[in-house]
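These are the residues of each chain, in order.
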Amino acid sequence: MSNEIRLGLVGCGLMGRRHVFGIKELIQRGFHILNLSAICDIDEERARALADFSKKELGMPPKVYVDFSEMVEKERDLDAVDIVTNPPSHHKLAEEAFQAGKHVIVEKPMGITVKACHRMIRASEKCGRILAVAENYRRDPLNRLVKSAIEKKIIGDLYLVFQHFVGGGGNIAISKWRHMKEQGGIIIDMGVHYTDILRYFIGEVEEVYGKMAMFEKSRKREIFDGKTKIVERVEPNAEDTVLAIMKFENNVLGQWIMSYSGYGKRVWQRLIYGSKGCLEAPPDRSGRPVKVTLNHGKQISSETLLKDLKVFSPEDVTPKFFPEGLAKYNLPFQEIDRRLIALELYDFVEALIKERKPEVDGIEGMKDVALAYAMCESACLNRPVKVKDVEDGSICVYQEEINSVLNI
């Protein structure tokens, strides 16, 4: 692609910096397809710091704004907006961007509730603009390999999947807001990664039955500024643990355990069982190999899968970003992160230029959010719920408080 998209970025915190690194990764790989023309944050000092960072890393000195409305009004030649703010603001910023004629890529979770997601979808359709969701886990070449192995029925017909995460203890998960329900609690913020992956690998979920709890009533984090130890604390109001049973539309059964209150041994597991064997997917963004064990103990290596399945077409740019290996790789987390962000940005730009649907569009992003909330809705109602009823808003007991507080 030779076209260059003029981009405005809103949200200049940690995620904003990670997206700047993603743009830098594109440039370093020879894809000069994004021009970061403007950035915006309500904290002017933070915005100017990211502008300086962008100038240093990209050679691009973006204009700085503290008011989003002013940015989209004055920067009329912007093609698109990259929204990396906290989840409660996603739908309002996206609606305003669409009304100003801009395309939008937004960080996950796409919206703070399913209702907020639908507002974004309607606005994009009404204004005739593209909406993409920055979901990076599925871009991992190892997850592409898992997807291909499932499609080629290496382990036969699927019937059972386990998605488990237990860890975190009493620590703050990156940011204090991730423990507040009206800000997008950890079950939603982190959970949409896993609901997206399960949908990507297995298909749509028909019904879920969930239970949830908040085990940690207070969380803390120690920060060292070089001289002083600062202890941050938060009193959560969002659940930290959800267990669920899932029935997929293709009759695969799934078990979900996600808890950010686990002490001691950390657990991460994604196992997929089929009529011919079992596939153990590696942790996302780890570079560890895929493990396949067939009946009678025969094993297929990650390298053999890659060779036999022809996962990546000649048009796929993923190999350009992971020349170290597509069956496994050994890279620092920061390197992996920026490459996967670069891939999601590449897909967004290609969607704009070719006028096609992005891989993770508004509908996909909404379904990820709905599946995560379906477990919470089920727990509130103490009964199984149909995911479609959460998607269309027929069931929104758990989300009702959030919608009310944020006037959605």
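Preceding block: the structure.
Summary of the structure given here. (Residues numbered from 1 in each chain as written. Predicted model: local features only at pLDDT ≥ 70, side-chain atom pairs only at ≥ 80, totals over all residues. Heavy atoms only, no water.)

Bringing empty space enclosed by the protein into the picture now. This model, assessed by the stated rule, comprises one cavity of 30 Å³ or more. Empty space within the largest cavity amounts to approximately 70 Å³. Lys181, Gly185, Ile186, Ile187, Ile188, Ala238, Glu239, Tyr373, Cys376, Tyr398 and Ile402 are the residues that line the largest cavity. Contributing elements (two or more residues each) for the lining of the largest cavity: helix 8 (186-189), helix 13 (362-381) and helix 15 (397-405). Considering every element that reaches the lining of the largest cavity, the biggest residue donor is helix 8, with three residues. (1 Å grid on protein atoms, 1.4 Å probe; cavity = no way out; pocket = protein on both sides within 12 Å on 5 of 7 lines; lining within 4 Å. Points joined across faces, edges and corners; volume = space filled by probe spheres on them. Helix = DSSP H or I, 4+ residues; strand = E, 2+ residues; numbered from the N terminus.)

The next subject is the layout of surface pockets. Here the idea is plain: a probe the size of a water molecule rolls over the atoms and shows the empty space left. Quantified by volume, the second largest pocket comes out at close to 280 Å³. Along its surface, the second largest pocket is lined by Arg139, Arg144, Glu315, Asp316, Val317, Thr318, Leu343, Tyr346, Asp347, Glu350, Arg356 and Glu359. Looking at the lining of the second largest pocket element by element, the count peaks at four residues for helix 12 (residues 333-354). Grouping the amino acids of the lining of the second largest pocket by side-chain chemistry returns three nonpolar, one polar and eight charged. (Nonpolar A, V, L, I, M, F, W, Y, C, P; charged D, E, K, R; others polar.)

It helps to recall that an α-helix has 3.6 residues per turn; residues three or four apart then point in one direction. Across its 15 residues, helix 2 (residues 44-58) extends 20 Å between first and last C-alpha, which sits within 8% of the 21 Å expected from 1.5 Å per residue. Residues of helix 2 that are buried: Ala47, Leu50, Ala51, Phe53, Ser54, Glu57 and Leu58. Along the axis of helix 2, the buried positions cluster into a sector of 165°, meaning they face one direction only. Exposed residues lying more than 90 degrees from the buried face of helix 2 are Glu45, Asp52, Lys55 and Lys56. Buried residues belonging to helix 2 abut strand 1 (5-10), helix 1 (14-28), strand 2 (34-40) and strand 3 (63-65). A distance of 3.1 Å separates the backbone nitrogen of Glu45 from a side-chain oxygen at the start of helix 2, and that oxygen is part of Asp43. One or two residues past the end of helix 2 sits Gly59, with phi positive at roughly 75°. (Expected span 1.5 Å × (residues − 1). Buried < 20%, exposed > 50% of the residue type's maximum accessible area, 1.4 Å probe, protein only. Arc of directions from axis to C-beta. Contact = heavy atoms within 4.5 Å. Polar contact = N/O pair within 3.5 Å; in protein donor to acceptor, adjacent residues only side chain to side chain.)

Next up on the list: unusual backbone geometry. Each neighbour pair has its own omega, and for Lys108 with Pro109 the value is -10°, a cis peptide bond. When you line up the elements, Pro109 lands in the loop between strand 5 (103-107) and helix 5 (114-127). Residues other than glycine seldom take positive phi values, yet Lys153 does so here, at roughly 55°. Position of Lys153 among the secondary structure elements: in the loop between helix 6 (141-151) and strand 7 (158-168).

Moving on, we come to the sheet that holds strand 3. Reading across the sheet, the six strands line up as 3-2-1-4-5-6 and stay open at both edges, with parallel pairing between neighbours. The sheet terminates laterally at strand 3 and strand 6 (131-134), the two strands that pair on one side only. Across the sheet, the axes of successive neighbouring strands diverge by a mean angle of 25°, strand direction being ignored. Examined bridge by bridge, strand 2 and strand 3 share three bridges and lie parallel to one another. Residue Cys40 lies in a different strand from strand 3, and its bridge partner there is Tyr65. The strands touched by helix 1 within the sheet are strand 1, strand 2, strand 4 (80-83), strand 5 and strand 6, with strand 2 carrying the most contacts at an inclination of about 165°. (Pairing = 2+ DSSP bridges. Axes fitted to C-alpha atoms, helices over the stretch in contact; angles between N-to-C directions.)

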